[in-house]
Amino acid sequence: MKHQLFREQQLNCDIQTAWKFFSSASNLSEITPKDMNFTVLTHFENDEIFEGMIIDYLVSPLFGIKMKWKTEIIQVDFQKSFTDFQRKGPYKIWHHHHEFIENENGVLMKDTVDYELPFGFLGEIAHSVLVKKKLENIFDYRYKILEERFNK
């Protein structure tokens, strides 16, 4: 079964600052809870996001078990949106759309994650017992870090 997580957050910064921060893979570790041991493995000479960009990570999503995660940037609309798609990782489907909307207060950032777990019925049990709350906690942590960084 497919699920969706949606979050939005107002950032007190200009679009250039928001875009530069969020489109840089090296900043993902900063906005991911420390207990996930999130490490970006791919190193880029130029950190500018582009369609077709492949990014490899190590992550410990549950119980400290390390997993490889590979995403591809499948859509980029400069300073408006980008989408990453899981090529390899813990989900059957992971499609994360990031949107940035300039307004009088700075930038409204929207995240829409469409995802599905593997293992059918067992995946659904894991979702209701563990995964849904874990994802919500990750995005709650992200919200807190972004508040401190952009809205102090």
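If you're wondering where the values come from, they're calculated on a predicted model, not measured in any experiment. Counting restarts for each chain, with residues numbered from 1 along the sequence as it is written. In keeping with the predicted nature of the model, local features appear solely for residues at pLDDT of at least 70, side-chain atom pairs appear and are counted solely at 80 or more, and the whole-chain, interface and lining totals rest on all residues. Calculated side-chain values reflect all of the structure's heavy atoms, with hydrogen atoms and water omitted.

A.B. asks: Explain the side chain of Thr83 to me, please; I cannot follow it from the model alone.
C.D. replies: Every helix listed is a DSSP run of H or I at least four residues long, and every strand listed is a run of E at least two residues long, numbered separately from the N terminus. Structurally, Thr83 is set in strand β5 (residues 81–88). A relative accessible area of 3% means that Thr83 is categorised as buried. One polar contact links Thr83 to Gln75, side chain to side chain, over a distance of 2.7 Å. The residues touching Thr83, leaving out its near neighbours within four places in the chain, are Glu72, Ile73, Ile74, Gln75, His95, His96 and His97. Only protein chains enter the area calculation, which uses a 1.4 Å probe; residues under 20% of their type maximum are buried, those over 50% are exposed, and those in between are partly exposed. In protein, a polar contact requires one atom able to donate a hydrogen and another able to accept it; more generally it is a pair of N or O atoms within 3.5 Å, and residues adjacent in sequence count only if both atoms are side-chain atoms. Here, residues are in contact when the closest pair of their heavy atoms is within 4.5 Å.

A.B. asks: Can you walk me through a nonpolar patch on the surface in this structure?
C.D. replies: Taken together, the side chains of Phe63, Ile65, Met67, Phe119, Phe121, Leu122, Ile125, Val129 and Leu130 define a hydrophobic patch exposed on the protein surface, amounting to about 1,000 Å² of accessible area. Here the nonpolar patch gets five residues from one element, more than from any other, and that element is helix α2 (residues 120–150). Here Ile125 shows up in helix α2. Ile125 gets classed as partly exposed once you look at its relative accessible area, which sits at 37%. For patch detection, residues must exceed 30% relative accessible area and be free of salt bridges, and they are connected within 9 Å for like charges or within 5 Å for nonpolar side chains (Val, Leu, Ile, Met, Phe, Trp, Tyr). Per-residue and other accessible areas follow the Shrake-Rupley method at a 1.4 Å probe size, with only the shown protein chains counted as cover for residues. By salt bridge we mean one thing: a side-chain nitrogen of Lys or Arg within 4 Å of a carboxyl oxygen of Asp or Glu.

A.B. asks: Help me understand the packing of aromatic side chains in this model?
C.D. replies: Two descriptors summarise a pair of aromatic rings, namely the distance from one centre to the other and the angle between the planes of the rings. Stacked, edge-to-face and tilted are the three classes for Phe, Tyr and Trp ring pairs, Trp counted by its six-membered ring, which pair at centre distances within 6.5 Å; planes under 30 degrees apart are stacked, over 60 edge-to-face, the rest tilted. On inspection of all chains with the given rule, the structure shows 14 aromatic pairs. Look at Phe21 and Phe22: their rings are 5.0 Å apart centre to centre, the planes differ by 85°, and that puts the pair in the edge-to-face class. With a relative accessible area of 6%, Phe21 lands in the buried category. The exposure class of Phe22 is buried, given its relative accessible area of 8%. An aromatic cluster is built from Trp19, Phe21, Phe22, Phe78, Phe82, Phe100 and Phe150, whose rings are joined through pairwise contacts.

A.B. asks: What is the right way to look at the layout of surface pockets in this model?
C.D. replies: To find leftover empty space, one rolls a probe the size of a water molecule over the atoms. The space that makes up the largest pocket amounts to roughly 850 Å³. Two kinds of site are reported from a 1 Å grid over the protein atoms alone, namely cavities, where a 1.4 Å probe fits but cannot get out, and pockets, open sets with protein on both sides within 12 Å along at least five of seven lines, and residues are called lining when an atom falls within 4 Å of a point. Contributing to the lining of the largest pocket are 44 residues, with Met36, Trp69, Tyr91, Trp94 and Leu135 lying nearest its centre. Broken down by element, the residue count for the lining of the largest pocket peaks at ten residues, all from α2. The residue classification treats Ala, Val, Leu, Ile, Met, Phe, Trp, Tyr, Cys and Pro as nonpolar and Asp, Glu, Lys and Arg as charged. All others, Gly included, are polar. Of the residues that constitute the lining of the largest pocket, the class distribution is 32 nonpolar, nine polar and three charged. One number sums up the size of the second largest pocket: a volume of about 160 Å³. As for the second largest pocket, its lining consists of Trp19, Lys20, Phe21, Ser23, Ser24, Asn27, Asp47, Glu48, Ile49, Val76 and Phe78. Considering each element in turn, the lining of the second largest pocket owes the most residues, three residues, to helix α1 (residues 15–22). Looking at the lining of the second largest pocket residue by residue, the class counts come to five nonpolar, three polar and three charged. Grid points are joined across faces, edges and corners, and a volume is the space filled by probe spheres set on the points.

A.B. asks: Is there a simple way to think about the sheet that holds strand β4 (residues 67–77) in this case?
C.D. replies: Backbone-to-backbone hydrogen bonds pair the strands of a sheet. The strands run either parallel or antiparallel. When DSSP finds two or more bridges between a pair of strands, those strands are recorded as paired. Read across the sheet, seven strands follow the order β1-β7-β6-β5-β4-β3-β2 without closing on themselves; strand pairing throughout is antiparallel. The open sheet has two edge strands, β1 (2–11) and β2 (39–40), and neither has a second partner. Two strands pair when backbone bridges link them, and β5 and strand β6 (residues 93–103) are joined in this way by five bridges, in the antiparallel orientation. Within β6, the position partnered with Thr83 by the bridge is His97. Where α1 meets the sheet, it contacts β1, β4, β5, β6 and β7 (106–116), and its direction lies at approximately 165° from that of β6. The axes are straight lines fitted to the C-alpha atoms, using for helices just the contacting stretch, and the angles between their N-to-C directions are given from 0 to 180°. Against the sheet, α2 contacts β1, β6 and β7, and its axis sits at roughly 10° relative to β1.

A.B. asks: Explain empty space enclosed by the protein to me, please; I cannot follow it from the model alone.
C.D. replies: The final tally for this structure, using the stated rule, is one cavity of 30 Å³ or more. Counted as a void, the largest cavity has a volume near 60 Å³. Forming the boundary of the largest cavity are Arg7, Glu8, Gln9, Met109, Asp111, Phe139, Arg142, Tyr143 and Leu146. Sorting the residues of the lining of the largest cavity by element identifies β1, β7 and α2 as the ones contributing at least two each. Ranked by the residues each element gives to the lining of the largest cavity, the list is headed by α2, at four residues.

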